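Chain by chain, the residues:
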Amino acid sequence: MKTKQKTKKYSINKVFLIFCILLLTVSNNLVSQTISNPGLKDAPNSIMGFNHIGIVVQDLEKMVAFYQAATGFEIVKREKISNSTIADILYNESGIAYETVTFKAPNMLLELTHFANTIAEPIQNMPPEGPGMTHTCYQSPSWKSGYQKFKNQKATILSRGDGPVDLGGYGVTYAYAYDPEGNMIELEQLDQSILNKDGYDANWQKEKKMWMTQVALISPDLKKLSNYYEKILEFGPRREASLANNAKLDEIAGVDNIELLAAWFGMDGQGKMMELMQYIHPKTAKPKGKKPLKSLGYSFSFEVEDIHQEYKRLKALNVDFISEPQMLGEFWMVFAHDIDGNIFSLRQAISVSSAYSLKNLYD
């Protein structure tokens, strides 16, 4: 049985349920179901939570400057990898070469990577209806508005109107935006009333200007993808919903007549969740295939306590791994594709004192 990391700063269970309930109750037409209150801490595997959000970029310096100015996150590592047999094995490509800049958010890492032999791709904005990993989310106190910080750095605002959208008058405003390379970003601004609801530690409220919260995967078959991650995580979604006929949701996504299905998995505290959605209108298209590891856009990682155990367990579930686990830098790691072709990885810190492990990361 694994020793689960204790949740710090605030209770994910209470805060997560507050957000889901408030979001769903403002819809004019919804069918929702609270299934139970499952969570990562009770699962029998050694998954600890989300270690990082990764973005493969075309112009590293431009993107580093954008995210550093918009988020205020500290750059904690910058490294170049080339002429590495281990990296070649991990990426299943000879002569792989890349540079990665790592930012430390209060509750996970953000990694921007540029490949020397990158795939030639046009820059285009990710549509809200996907498919694929369309976005991550940045939360901030409303008086330290993340929306305004990203807008000041010339993020392209997708949401309609002159500011973030008040979805239901319950203390949270929302917006979607694009970074300079078309990666979608969700921005949530939280009033004091929400921050005070059983969760966010007082020191967190005073000291933290912004933090990260989610992996959002959009699929043409929500049920199939939800079942897939339920097997990986060994617990089910905390809530499922059908949403439609909500003008505020249309404003947030900049799309008329949105109709969608959704499921949320609670993760490792500090507000982190896995959000799965299927757009009925506009319809989520089928993925074109497995996303190449060097392709522009998002990926994410699960940090684990025993990568060899998890590799064996997930391999038995037919998870599509690129290689066997390899030791590179601070971590043992291995890449995989999910059933929609999205990229994720497993990571295990080599040292128990690693500053990049969840055990030591949380502020």
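Each remark here, short or long, concerns the structure printed above.
Residues numbered from 1 in each chain as written. Predicted model: local features only at pLDDT ≥ 70, side-chain atom pairs only at ≥ 80, totals over all residues. Heavy atoms only, no water.

A. Structural context of helix α2 (residues 60-71). When the terminal C-alpha atoms of α2 are compared, their 16 Å separation across 12 residues agrees well with the 16 Å that a helix rising 1.5 Å per residue should span. With its phi angle positive at about 75 degrees, G72 sits one or two positions after the end of α2. (Helix = DSSP H or I, 4+ residues; strand = E, 2+ residues; numbered from the N terminus. Expected span 1.5 Å × (residues − 1).)

B. Seen up close, the nonpolar core. Y67, F300 and F302 are the most contacted members of the largest nonpolar core, which has 58 residues in total. Excluding anything up to four places from it in sequence, F302 contacts I47, G49, F50, Y229, I232, L233, M267, M274, F344, S345, L346 and R347. Grouped together as the second largest cluster of nonpolar side chains are 26 residues, Y170, Y176, I218 and A241 included. (Core = buried A, V, L, I, M, F, W, Y, C linked by side-chain atoms within 4.5 Å. Buried < 20%, exposed > 50% of the residue type's maximum accessible area, 1.4 Å probe, protein only. Contact = heavy atoms within 4.5 Å.)

C. Up close: unusual backbone geometry. With an omega of 10 degrees, the peptide bond running from G130 to P131 counts as cis. Position of P131 relative to the elements: it lies in the loop between β5 (109-115) and β6 (132-141). Positive phi is not limited to glycine here, since N245 has a value of about 55 degrees. Backbone geometry at N318 places phi at a positive 70 degrees, although glycine is not the residue there. Among the structural elements, N318 can be located in the loop between α9 (307-316) and β17 (320-321).

D. Geometry of the layout of surface pockets. What the largest pocket holds in volume is close to 900 Å³. Along the wall of the largest pocket there are 35 residues; nearest its centre are Q124, M126, P131, K291 and S295. Going through the elements one at a time, β6 and β16 (297-304) are the ones with two or more residues in the lining of the largest pocket. Its residues assigned to classes, the lining of the largest pocket shows 15 nonpolar, 13 polar and seven charged. Estimated volume of the second largest pocket: approximately 430 Å³. If you trace the second largest pocket, you find 29 residues lining it, with Y91, E111, T113, F335 and R347 closest to the centre. Those elements that place two or more of their residues in the lining of the second largest pocket are β2 (47-56), β3 (74-81), β4 (98-104), β5, β16, β19 (331-337) and β20 (343-349). Grouping the constituent residues of the lining of the second largest pocket by class yields 14 nonpolar, nine polar and six charged. (1 Å grid on protein atoms, 1.4 Å probe; cavity = no way out; pocket = protein on both sides within 12 Å on 5 of 7 lines; lining within 4 Å. Points joined across faces, edges and corners; volume = space filled by probe spheres on them. Nonpolar A, V, L, I, M, F, W, Y, C, P; charged D, E, K, R; others polar.)

The quantities given are spatial measurements derived from coordinates; they are silent on function.
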